[in-house]
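A closer look at the structure
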Amino acid sequence: MSAAAEFSRATKAEVFARLAEGLAAGVTVVTPNRRLALALKREFDDAQAGRGLAVWESADILPFTAFVERAHQDALYSDSITAVPFLLTPAQEQQLWEEAIGASEWGGVLLATARTAAQCREAWQLSHAWRIAGALGAWDGNEDAQAFAAWSRAYAQRCARDGNTDAARLPDVVMALLQHKLLRKPKLLVAFAFDILTSQQRDYFAACEKAGVEVRACGPAQMAANPRRLACASASEELERAAKWARARLEAGADARIGIVVPDLDQRRKAVMNVFSRVLAPGWNLPGAAAALAYFNVSLGMPLTEYPLVHAALAILELAHGETEFAVASRLIRSPFVAGCDSEMTQRARLDAALRKRAPVQLTLPKLLGLIESAGVDCPLLAQQLGALFAYAKEHVAGSRSPQDRARQFSALLEAVGFPGDRALDSNEFQTRAKFHDTLGEFGLLERVAPRFTYAQALARLRRLCADTLFEPESGAAPIQVLGIFEAAGLEFDHLWVSGLTDEAWPLAARPNPFIPAALQKKAGIPQAAVELSLARDKRITGAWFGAAGEVLVSHPLREKDRDLVMSPLIAAVPAGTWESLAVPDCPRYRDVIHRARVLESVVDGVAPALVATAVRGGSRVLADQAACPFRAFARHRLGAQPLEMPAPGLNAADRGMLVHALLKFIWDRLKSKAALDSIPSRELDEIIGNAAVAAVAEVSEKRPGVLAGRFAQLERERLAGLAREWLAVEKQRPDFEVVAREDQRELEVAGLSFRGRIDRLDKLVGDAGAGGYALIDYKTGSASVADWLGERPDDPQLPLYAINAHEDIAAVVFAKLRIGGMKFDGLARAEKLLPGVATIGKSRIRLAKRYASWVELVAGWKQELEALGRGFASGDARVAPKRLFKTCEYCDLQPLCRVHERVSSFDGEEEEEAE
Ligand code: SF4
């Protein structure tokens, strides 16, 4: 039942007139929520200013819950009122519910205790608001209801024992004190815009009357609107139109009060922010642009954890103790909320890039400090702050401590790194920090109910508290309000658009609380408990929208992806309107404005300045990149563009390659020839293999600390030993050879450029078949194809480059493919039977090999192709010309730099040719 039906009614003008008499008149107005109280207060102030007043006493307008809490505070701190229970904070309530659940027979089996406790708080609040708490145990219910009844008993006993009460029972506590003469009470209490009174609120107002307070009901003025209904193609079109419409109405009247209702606002908050910011303040996110939030305000806040400042604070606390992911540490190194970031910004970015190459996926603070020290990038302030963080944590965080102690430690840890940094915070960050401190204060208040916490427990609790705290920085009174359905109730507008009214969204589906027997909720008249109650409430809300503004639009989307949507039956009777009839001018996107203002100028951008130096870093990779795409070579090897790495668990492909190279180098350092391999006793060979595996793992562990340790290192040693045995069986099938070079550094030259390279292995082929020639061998653990050496712009020019530079007589160029189950040599040779499975050009099955008539021609062809690539690189050829078009680009990380996708049309013809 509404307040208006229970108490004599006053008009808003009458209420404002009484409020204008000042505080001595003893008028208090209570509203169902804070937003409405603020709006009403603002309206009262406008009315006072409109009367020509310069100063007036502030009106006592506040939400019902704040009104009750104020009375409770008065009683608590009064000398003459005794035995007033303390009010638990929401976090304290949560803690006690969790304890009640944990100590029950269900405690050991429930996985989501915190979530269950939150649902219990809701059920507890409902059961008191609708006066069914006493019947909880007596009604037949399912197992959930029985569990809740048991938890409620334990929770209530604990509260009674400690002299505490909670928000759900506070009106009852205060009600019992209202007769007390010394308790401050208004002379007139106005219940404003209470569409529905809960049983508890009705009792409260009745108790006020009994205590001599005059209680009146009041509501928003009803306007004579002519609502219209609009169909939009999709929900995103609906939002876009609503934003454009709001802008048009605001431009038509700067004082206009505009409301947009979005039923699923909690899920669409980001989309709303993006669309409204873009439409109301194009370019709002450019440096120096005015903040879009001056024009609109979104009613639902975001969890505190989603604000960067709080995110950084929690990351600092996480890093202080125990293991954390490298990604967390990486963000902190670059965070503006750690002191010294401005002066060390570039160095810290470099440090982060360096650490990404060496850090493990998970690390501790001491480990991070060690890595920073050895990274070779100087960030003294960062090292000092992280050092201070470590020193404090080492000294203080161990063991179990009270929540107050933990709260103090959290503050001290944040201080150790100079949180929140040394640049001036903007208004939003300033308010966010204040809210975070409040939350930290609330965490400390757990002292009254909670046991001691370990550091990890305390941090988890603080993180959850932040996640449960919805927060929106204050931004002044914005003319456009974007609201959820229930926040709009009682507000008055000049223009109101209610969106998203499909039959699925409106009326709302019944949602009885799972912990209270459904029949009990229905009997109590809880609106969301049953379909008919929910429908009746939603019809009233719909009717209220039609009178809430001079212009009212209701809308619904027609489709969602490939699904048709139907409008809500509650708006079917509203006359249909059209978008065109609203006469809303178009608001082009900022990017479209820029695009339209373009003046085209053609610049040939494929040629960079020619190289001056002849020594080139990057080895054969330079020529491989030049072959794949000249711009790729230019960007990587002349501009130094490198992708940022990210530590991944276990070994990566480069680590595996390093292990195999080290393994085989160690083995051939000992064996040196095929003859030795054939004659060595198997026990001795096993020993060499075992030692080689140990040495390889040790070498990689030194270069990549942390990736190979303990049992994993042992398994890797065993895997390497097995690999070596299998590979040596392949080597045994070869004719005689001597290993003359292993991991051999060479100076290479092509087109006047000099490179450094390392030959994996060079074997002298002994005996008639080899005729004194040499085999150039490259170890491969991944895929590799001989075809990649051949033709124009060869994909893998490494071995051809070594071959044309070798001063030895190269008779075979081969991959040694070391893959379990697929061990083999693969390559090309000058003559038959030099290596098992390696064919001559004439007998090769590779189509491209047929282009060359002889071994000499092949080597000459390599020289010609590599000279062309070298000349291209040296002359500054930097064309965006991927060899196989987008296939070459697929795994290239330079796409944002070369903007290849802007050249799609120029590749169209070439792609077709490629396909042919
Ligand atoms: S993305 Fe493609 S076009 Fe761009 S540099 Fe890489 S290979 Fe060249």
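This is a predicted model, so every value here is computed, not measured. (Residues numbered from 1 in each chain as written. Predicted model: local features only at pLDDT ≥ 70, side-chain atom pairs only at ≥ 80, totals over all residues. Heavy atoms only, no water.)

1. Side note on the overall build of the protein
Put simply, the rule reads: Starting at the N terminus, helices and strands are each numbered in turn, a helix being any DSSP run of H or I of at least four residues and a strand any DSSP run of E of at least two. This radius of gyration counts C-alpha atoms alone. The globule rule is 2.2 Å times how many residues there are, raised to the power 0.38. Throughout this description, buried means an accessible area under 20% of the type-specific maximum (1.4 Å probe, protein chains only), exposed means over 50%, and partly exposed covers the range between. We call two residues in contact whenever any of their non-hydrogen atoms come within 4.5 Å of each other. Methods summary: accessible areas were calculated by the Shrake-Rupley approach with a probe of 1.4 Å, and residue burial reflects only the protein chains presented. We score Asp and Glu as negative and Lys and Arg as positive, and we do not count His or the chain ends. A charged residue contributes its charge at one atom only: NZ of Lys, CZ of Arg, CG of Asp or CD of Glu.
Regarding its fold elements, the protein presents 33 helices and 23 strands. Its C-alpha radius of gyration of 38 Å places the protein more than 25% over the 29 Å reference for a compact globule of 916 residues. Its C-alpha atoms give the protein principal-axis dimensions of roughly 120 × 65 × 55 Å. Taking all 916 residues of the protein together, 49% fall into the buried category. Counting contacts in the protein only where the partners sit at least 6 residues apart, residues at least 24 apart contribute 75% of the total. For the protein, the accessible surface area stands at approximately 43800 Å², while carbon and sulfur atoms represent 53% of it. Side chains of the protein give 112 positive and 116 negative charges; the mean places of these two sets differ by 1 Å.

2. Details of the sheet that holds strand S23 (residues 839-840)
To be explicit about the condition: Here the rule is simple: two strands pair whenever DSSP picks up at least two bridges between them.
Read across the open sheet, the six strands follow the order S18-S19-S20-S21-S22-S23; overall the sheet is mixed. Each end of this open sheet is capped by a strand with a single partner; those strands are strand S18 (737-750) and S23.

3. Considerations on a nonpolar patch on the surface
Definition in use: Note on patches: the residues involved have over 30% relative accessible area and no salt bridge, like charges join within 9 Å, and the nonpolar side chains Val, Leu, Ile, Met, Phe, Trp and Tyr join within 5 Å. Every case where a carboxyl oxygen of Asp or Glu lies within 4 Å of a side-chain nitrogen of Lys or Arg is listed as a salt bridge.
A cluster of nonpolar side chains, Leu286, Tyr590 and Ile594, forms an exposed patch at the surface whose accessible area comes to about 280 Å². The residue Ile594 is located in helix H22 (residues 590-596) in this model. For Ile594, a relative accessible area of 53% gives the class exposed.

4. Points about the packing of helix H17 (residues 403-416) against helix H19 (residues 455-468)
Threshold: Comment: axis = line fitted to C-alpha atoms, over the contacting stretch for helices; angle = value between 0 and 180 degrees taken between N-to-C directions. For classification purposes, angles smaller than 35 degrees are called roughly parallel, those larger than 145 roughly antiparallel, those between 65 and 115 roughly perpendicular, and all remaining angles oblique.
The interhelical angle for the contact between H17 and H19, taken along N-to-C directions, is 80°, at an axis separation of 11 Å. Of the possible angle classes, the one that applies to H17 and H19 is roughly perpendicular. Contacts from Arg406, Gln409, Phe410 and Leu413 of H17 reach H19 at Tyr455, Ala458, Leu459 and Leu462.

5. Things to note about the site of the ligand
The condition is simple: Consider each residue's heavy atoms; a residue with any of them within 4 Å of a molecule or strand counts as near. Residues are grouped as follows: Ala, Val, Leu, Ile, Met, Phe, Trp, Tyr, Cys and Pro are nonpolar; Asp, Glu, Lys and Arg are charged; all remaining types, including Gly, are polar.
Around the ligand lies a shell formed by Cys629, Phe631, Arg632, Val880, Pro882, Cys889, Cys892, Leu894, Gln895, Cys898 and Val900. Put simply, the parts of the chain that give the shell around the ligand at least two residues each are helix H24 (630-637) and helix H32 (895-898). Along the lines of polarity and charge, the residues of the shell around the ligand split into nine nonpolar, one polar and one charged.

6. Quick notes on the packing of aromatic side chains
What counts, and what does not: Side-chain rings of Phe, Tyr and Trp, where Trp is taken by its six-membered ring, are said to pair if the distance between their centres is within 6.5 Å; with planes under 30 degrees apart they count as stacked, over 60 as edge-to-face, and otherwise as tilted.
Under the defined criterion, the tally for this structure stands at 27 aromatic pairs. Between Phe64 and Phe194 the ring centres are 6.3 Å apart and the planes differ by 80°, which places this aromatic pair in the edge-to-face class. With Phe64 in helix H4 (residues 64-76) and Phe194 in the loop between strand S5 (188-192) and helix H9 (199-210), this pair connects stretches of sequence that are 130 residues apart. In this pair, the class of Phe64 matches that of Phe194, namely buried. Taking 5.7 Å as the distance between ring centres and 85° as the angle between the ring planes, the aromatic pair formed by Trp106 and Trp151 counts as edge-to-face. A residue pair is termed long-range when its members are at least 10 positions apart, and Trp106 in the loop between helix H5 (90-102) and helix H6 (113-129) and Trp151 in helix H7 (residues 143-162) qualify at 45 residues. Chaining the aromatic ring pairs together yields one cluster made of Trp97, Trp106, Trp124, Phe148, Trp151, Tyr155 and Phe515.

7. Some points on the side chain of Arg229
Heads up, the rule is: The term polar contact refers here to a pair of N or O atoms within 3.5 Å; inside protein, the definition further demands a hydrogen-donor-capable atom paired with an acceptor-capable atom, and it admits residues adjacent in sequence only when both atoms are side-chain atoms.
Structurally, Arg229 can be placed in strand S7 (residues 228-234). Within the local environment of Arg229, its side chain forms a polar contact with the backbone oxygen of Val574, the two atoms lying 3.1 Å apart. Beyond its immediate chain neighbours, meaning those up to four positions away, Arg229 contacts Val554, His556, Met567, Ile571, Ala572, Val574, Pro575, Ala576 and Gly577.

8. Regarding the state of the cysteines
Note on terminology: disulfide describes a covalent bond linking the sulfur atoms of two cysteines. Rules: Cysteine sulfur pairs qualify as disulfides if the two atoms are within 2.5 Å.
Per the stated rule, a full pass over the model turns up zero disulfides. Between Cys120, a cysteine without a disulfide, and Cys159, which holds the nearest cysteine sulfur, the sulfur-to-sulfur distance is 13 Å. A relative accessible area of 0% means that Cys120 is categorised as buried.

9. So, the environment of Glu306
Here Glu306 shows up in the loop between strand S10 (302-303) and helix H12 (308-320). Along the primary structure Glu306 and Glu601 are separated by 295 residues, whereas in three dimensions their C-alpha atoms are 43 Å apart.

10. Quick word on the nonpolar core
Keep this limit in mind: Here the nonpolar core consists of buried residues drawn from Ala, Val, Leu, Ile, Met, Phe, Trp, Tyr and Cys, with membership extended through side-chain atoms lying within 4.5 Å.
Among the nonpolar cores identified, the biggest contains 85 residues, and Phe148, Leu368, Leu386, Phe410, Phe436, Phe443 and Leu462 are the most heavily contacted of them. With ten residues, the single largest contributor to this core is H12. Excluding residues within four positions of it along the chain, Phe436 makes contact with Leu304, Val310, Ala313, Leu314, Leu414, Leu462 and Cys466. Counting 47 residues, the second largest nonpolar core, distinct from the first, contains Ile688, Ile689, Ala721 and Trp727.

11. Comments concerning the sheet that holds strand S1 (residues 27-31)
Taken in spatial order, the four strands line up as S2-S1-S5-S6 in an open sheet, and their pairing is parallel. Each having just a single partner strand, strand S2 (61-63) and strand S6 (214-218) make up the two edges of the open sheet. Adjacent strand axes in the sheet meet at a mean angle of 25°, parallel and antiparallel pairs treated alike. Here S1 runs beside S2; their pairing, made up of three bridges, is parallel. Paired with Val29 across the bridge in S2 is Ile61.

12. Comments concerning the pattern of salt bridges
Per the counting criterion, the structure on display carries 62 salt bridges. Glu551 is paired through a salt bridge with Arg249; the nearest N and O atoms lie 2.9 Å apart. A residue pair is termed long-range when its members are at least 10 positions apart, and Glu551 in strand S16 (residues 551-560) and Arg249 in helix H10 (residues 235-252) qualify at 302 residues. There is no split in this pair, since Glu551 and Arg249 are both buried. Arg746 is paired through a salt bridge with Asp744; the nearest N and O atoms lie 2.9 Å apart. A residue is classified by how much of its surface remains accessible, and Asp744, at 24% relative accessible area, is partly exposed. Via salt bridges that share partners, Arg621, Asp625, Arg632, Arg636 and Asp893 belong to a single interconnected network.

13. What about helix H14 (residues 341-358)?
Put simply, the rule is: To estimate how far a helix should extend, the number of its residues minus one is multiplied by 1.5 Å. Here the bend at a residue means the angle between the axes of two seven-residue stretches, the one that ends at it and the one that starts at it.
Taking 1.5 Å of rise per residue, the 18 residues of H14 would be expected to cover 26 Å, yet its terminal C-alpha atoms sit only 22 Å apart, more than 12% below that figure. For H14, the principal kink sits at Gln347 and spans about 45°. Looking only at H14, the buried set comprises Cys341, Glu344, Arg348, Leu351, Asp352, Ala354, Leu355 and Arg356. On its buried face, H14 is in contact with helix H13 (326-333), helix H15 (365-374) and helix H16 (380-396).

14. Focus on the packing of H6 against H7
Look at H6 against H7: their axes get within 11 Å of each other, and the N-to-C directions meet at 80°. Between H6 and H7, the crossing angle belongs to the class labelled roughly perpendicular. In contact with Thr116, Cys120, Ala123 and Trp124 of H6, H7 contributes Phe148, Trp151, Ser152, Tyr155 and Ala156. Looking at the contact of H6 with H7, its residues break down into seven nonpolar, two polar and no charged.

15. Side note on the confidence of the model for the protein
Put simply, the test is: Think of pLDDT as the predictor's per-residue confidence, scored from 0 to 100.
Averaged over every residue, the pLDDT of the protein is 91; residues scoring 70 or more account for 97%. Note that residues 912-916 has pLDDT below 50 and, in this model, three contacts with residues that lie over four places away or in other chains.

16. Observations concerning unusual backbone geometry
Note the cis peptide between Phe419 and Pro420, where omega equals 5°. Structurally, Pro420 can be placed in the loop between H17 and helix H18 (427-444). Along the chain, Trp506 connects to Pro507 via a cis peptide bond; the corresponding omega equals 5°. For Pro507, the position within the fold is in the loop between strand S15 (495-498) and helix H20 (518-524). Phi is positive for Lys561, which is not a glycine, with a value near 55°. In this fold, Lys561 is placed in the loop between S16 and strand S17 (563-564). In this model, Arg793 sits at a positive phi of 45°, which is unusual for a non-glycine residue.

17. With respect to the environment of Pro797
Within the element layout of this structure, Pro797 appears in the loop between strand S20 (774-780) and helix H29 (798-805). The contacts of Pro797, once residues within four sequence positions are left out, are Ser620, Leu623, Ala624 and Leu866.

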